[in-house]
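These are the residues of each chain, in order.
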Amino acid sequence: MPWNPGELAPDPGLTRSFTACLPGGRLAGPLRAYHSVPSTQTLARTWAEAGAPAGAVVLADHQTAGRGRRGRAWTALPGRALLFSVVLRPCLPPARWPEIALAAGCAVAEGIESVAGVAPQLKWPNDVLLGGRKVAGILAEGVVGRTPVVILGVGVNVSQPDGAWPPELHDRATALAAVAPAVTRPLLLAAILRRIETWHGILLDEGFGPVRTAWRARGRLGDRVRLGVEEAVAVDLAPDGGLVVRRDDGTSAVILCRDDGDSGPGPVPAVSAQKA
Ligand code: BTN
């Protein structure tokens, strides 16, 4: 797919070195790598709207306006994190797109486990934790329209030095290097893309059941979670991907996947409309 000269130019050397590590398969490239972009999500969406195939990957050494879930910013020191977005074109109705973000949590956790030999846990919906601290985050942004697309963004803290977290993340974030200093970003990218293909396929072919089973095996159930002004205990992942919680008064509730509220640990596809 030709690169549009009006767009930011990918870096040829970086693109070559990450492309060389792609695992092959249906969801692994083409890849465009950049030194610095506002957000890989934005570039991947533009590319998708110009016809990028499922599996197209936008990767950056650094983001100046990295996005997290629920309107938060995502920051990382240049070259210290694996930052990429992959274009998905799922044959699923938008109401089921939240399942993609949950499946992606399993994929990222498994990818990390395969290269680092540690078993990450998942905090609903898809924060990836090591030793109780966040090592990776996932942002699934959907665009409905004639050619629906989900842009799946993944950020993994690879070698951020311990003293370099912003104060609000101190004690809440960690980097893979703390447990696996030899892991490189290309190796990790390949491992995660392989699992994204696997879990995306399982979700499409077998439904949400196997994803739910895998998620529950890693899910931090039993933790207290904040629900707006109150707190509750996370007890299960519901069959629709919501989080089942038990309040202190003994009543239960299911928190649904949503992208906009302030009332729960809310997740998933920030859905926007595409012009016809
Ligand atoms: C979260 O935990 O809030 C989700 C973080 C997602 C961050 C990744 S980094 C690559 C991609 N580009 C972005 O702007 N965000 C995602």
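Described below are features of the structure shown in this document. Just so it is clear, the structure is predicted and the values come from calculations on it, not from any experiment. (Residues numbered from 1 in each chain as written. Predicted model: local features only at pLDDT ≥ 70, side-chain atom pairs only at ≥ 80, totals over all residues. Heavy atoms only, no water.)

## Structural notes on the overall build of the protein chain
Secondary structure summary: the protein chain contains 5 helices and 12 strands in total. Relative to the globule expectation of 19 Å for 276 residues, the C-alpha radius of gyration of the protein chain, 18 Å, shows essentially globular dimensions. The C-alpha extent of the protein chain, read off along each of the three principal axes, is 60 × 45 × 30 Å. When contacts within the protein chain are restricted to residue pairs at least 6 apart in sequence, long-range pairs at least 24 apart make up 63% of them. (Helix = DSSP H or I, 4+ residues; strand = E, 2+ residues; numbered from the N terminus. Rg over C-alpha atoms; globule rule 2.2 N^0.38 Å. Contact = heavy atoms within 4.5 Å.)

## A closer look at helix 5 (residues 209-218)
An α-helix turns once every 3.6 residues. As a result, residues three or four positions apart point the same way. Considered for burial, the residues of helix 5 that qualify are V211, R212, A214, W215 and R218. The buried residues of helix 5 occupy one face: seen down the axis, they fall within an arc of 165°. More than 90 degrees from the buried face of helix 5, the exposed residues found are T213 and A217. Of the surrounding secondary structure, the elements contacted by the buried residues of helix 5 are helix 3 (97-116), strand 4 (121-123), helix 4 (185-206) and strand 9 (230-237). (Buried < 20%, exposed > 50% of the residue type's maximum accessible area, 1.4 Å probe, protein only. Arc of directions from axis to C-beta.)

## Comments concerning the sheet that holds strand 10 (residues 243-247)
Strand order in the open sheet formed by 4 strands is 8-9-10-11, and the pairing between neighbours is antiparallel. Among the strands making up the open sheet, the edge pair consists of strand 8 (224-227) and strand 11 (252-255). Between one strand axis and the next, the sheet turns by 45° as a mean value, whatever way the strands run. (Pairing = 2+ DSSP bridges. Axes fitted to C-alpha atoms, helices over the stretch in contact; angles between N-to-C directions.)

## Overview of helix 1 (residues 12-19)
By the burial criterion, the buried members of helix 1 are L14, T15 and F18. For helix 1, the angular spread of buried residues about the axis comes to 100°, placing them on one side. Along helix 1, the residues that are exposed and aim more than 90 degrees away from the buried face are P12 and R16. Those residues of helix 1 that are buried lie in contact with strand 1 (31-37), strand 2 (57-63) and helix 4. By the N-cap criterion, in which a side-chain oxygen at the helix start approaches the backbone nitrogen of a residue two or three places on, helix 1 is capped by D11, the distance to G13 being 3.2 Å. (Polar contact = N/O pair within 3.5 Å; in protein donor to acceptor, adjacent residues only side chain to side chain.)

## Regarding the packing of aromatic side chains
Throughout the structure, instances matching the rule amount to 0 aromatic pairs. One residue, R32, lies across the ring of W47, its end atom 3.9 Å from the ring centre. (Phe/Tyr/Trp six-rings, centres within 6.5 Å; stacked < 30°, edge-to-face > 60°. Lys NZ or Arg CZ within 6 Å of the ring centre and 35° of its normal.)

## Brief notes about the site of the ligand
Among the 20 residues in the neighbourhood of the ligand, the closest are listed as S39, Q63, R67, R69 and K134. In the environment of the ligand, a nitrogen atom lies 2.9 Å from a nitrogen or oxygen atom belonging to the side chain of T40. Against a free-state accessible area of 410 Å², the protein chains account for coverage of 98% of the ligand. In terms of residue count, the dominant contributor to the shell around the ligand is strand 6 (residues 133-144) (4 residues). Taken together, the residues that form the shell around the ligand break down as 6 nonpolar, 10 polar and 4 charged. (Near = heavy atom within 4 Å. Areas by Shrake-Rupley, 256 points an atom, 1.4 Å probe, with all protein chains shown as cover. Nonpolar A, V, L, I, M, F, W, Y, C, P; charged D, E, K, R; others polar.)

## Description of the side chain of E99
Residue position: E99 is located in helix 3. A polar contact of 2.7 Å, which involves the side chain of E99, links it to the side chain of R96.

## Remarks on the pairing of strand 7 (residues 149-157)
Of all 9 residues in strand 7, 9 are buried, a share of seventy percent or more. Here strand 7 shows two buried faces, one formed by V149, I151, G153, G155 and N157 and the other by V150, L152, V154 and V156. Note that strand 3 (residues 81-88) and strand 7 share 8 bridges and pair antiparallel. Each residue of the ladder has a partner; that of L88, found in strand 7, is V150. Judged from the 8 bridges that link them, strand 6 and strand 7 form a sheet pairing that is antiparallel. Looking at strand 7, one finds that I138 is bridged to V154. In sequence, strand 6 turns back onto strand 7 through a hairpin of 4 residues, with G145 there showing a positive phi of about 150°.

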